[in-house]
Amino acid sequence: MAKKKEEAYPGYDELRAALQSGGPANVYIFFGEETYLMQQAVEQLRTMLVPAGFEEFNYHRLTGKGLTVQELTETVEAMPMMAQNTFVTVTDLDIFKLDEAQRAALVSLLEDFPEYCTLVFLYRQIPYKKDGKMKKLTAAVAAHATEIEFTQQGRQKMQKWVRRRFAAFDKELDDNAIDHLLFTCGSLMDGLVPEINKIAAYTKGQRVTVADIDAVADPVLDARIFDMTNAVTARDYDRAAAVLAELFRMQTEPMAILAALSRELRQLYTARLALDGKKDAVWVKDLWRMTSDYPAKKLMQSARAVSRPWCREAVRRCQTLDRRMKSERNMDAEGALKLFLMELAGLKGREKLNGYDIDSAII
């Protein structure tokens, strides 16, 4: 059966180009993981539509929780005061989970929308997911709303953006430091802003180094998991245990830790396969759809310390633990993760498991 092709939506760049070449649409649906760009777009629309000093009268911000379509309609139809337009945002209203009467009212609003108003549905905490079974609402959205997806930006755009942020503090950094920053702190702009502020304040000289980043940056979960796995492959169990303990202190859910660890082990396995097959980091990068080859190179470096059988067994045991944690009641998930980490450390460098070749022990 053919895989369903993902629907392509315009993004931030397309929205900016459209706003520069013409006026805004009446209804937008903003969604996606890059909430920083989403907020930038909201501010751009506000500046275009609402004169300074008249925000209280013409800029209306609603929250989806408990909001009725009748209340939304009243806000949208309110005439602008001493201005030509009104601007309305609604945050986290799942329009496809409204009851039938509310959906019908929303369809009526979309089909007879006032020209002076621009409405933006913002999906921040909840996903935007259309329900094709609701044909009238789906058709109304397609005909009267502009859907914009705010996705993570590519490496080149992120490099330029990071440099601009640091330049505001009279700081500079090279490509390697930027790649390390994105690997450590993630590539979502909203999360990077406070990290850049901290790093810029900490850095003594003009040039920001990898050491400056490591000194004060708060790593994302994937970076912590990489650090933990890398410690295991380097036979530094104390370091690996310390990272796991820190994740527990941060109240990270055990299932979230295991999910990230499972992904890391699978990536490590493919990196080992790449080494055995004489492939380079670009192959790993493309396989995992990474935005740069920096994390792929780090994976390849870690993979040199383990064998293919070790990787296979690590992935197999991780899958077994995943099934247990999802099926067993009252399981000590934290204890199970600690034990699993010890098992990984015990597997390090052993081509045989309990007297049997690891390859033959895999189910």
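Everything here concerns the structure above.
Residues numbered from 1 in each chain as written. Predicted model: local features only at pLDDT ≥ 70, side-chain atom pairs only at ≥ 80, totals over all residues. Heavy atoms only, no water.

Brief notes about the pattern of salt bridges
Under the criterion given, the structure shown has 20 salt bridges. Of the charged contacts, one joins aspartate 13 and lysine 157 as a salt bridge, the two residues approaching to 2.2 Å between their closest N and O atoms. Separated by 144 residues along the polypeptide, aspartate 13 in helix H1 (residues 12-21) and lysine 157 in helix H7 (residues 155-167) bring together distant segments of the chain. You can call aspartate 13 partly exposed: its relative accessible area is 37%. Using a relative accessible area of 42% as the deciding quantity, one classes lysine 157 as partly exposed. We note a salt bridge from aspartate 179 to arginine 155, for which the minimum N-O separation is 2.9 Å. Taken together, the residues aspartate 179 in helix H8 (residues 175-185) and arginine 155 in helix H7 connect sequence positions 24 residues apart. Judged by relative accessible area, arginine 155 falls into the partly exposed class, the value being 27%. (Salt bridge = Lys/Arg side-chain N within 4 Å of Asp/Glu carboxyl O. Helix = DSSP H or I, 4+ residues; strand = E, 2+ residues; numbered from the N terminus. Buried < 20%, exposed > 50% of the residue type's maximum accessible area, 1.4 Å probe, protein only.)

Focus: the packing of aromatic side chains
A ring pair, where both rings are aromatic, is described by two values, the distance of the centres and the angle of the planes. Throughout the structure, instances matching the rule amount to 11 aromatic pairs. With centroids separated by 5.0 Å and ring planes inclined at 75 degrees, the aromatic side chains of phenylalanine 30 and phenylalanine 150 adopt a geometry described as edge-to-face. You can see phenylalanine 30 sitting in strand E1 (residues 27-31) and its partner phenylalanine 150 sitting in the loop between strand E5 (146-149) and H7, a full 120 residues away along the chain. With a centroid separation of 4.9 Å and an interplanar angle of 50 degrees, the aromatic rings of phenylalanine 31 and tyrosine 128 are classed as tilted. Of the two residues, phenylalanine 31 sits in strand E1 while tyrosine 128 sits in the loop between strand E4 (117-122) and helix H6 (135-144), which places them 97 residues apart along the sequence. Accessibility expressed as a relative area gives 7% for phenylalanine 31, which makes it buried. These aromatic residues form a ring-pair network of at least three members: Tyr9, Phe31, Phe96, Tyr123 and Tyr128. (Phe/Tyr/Trp six-rings, centres within 6.5 Å; stacked < 30°, edge-to-face > 60°.)

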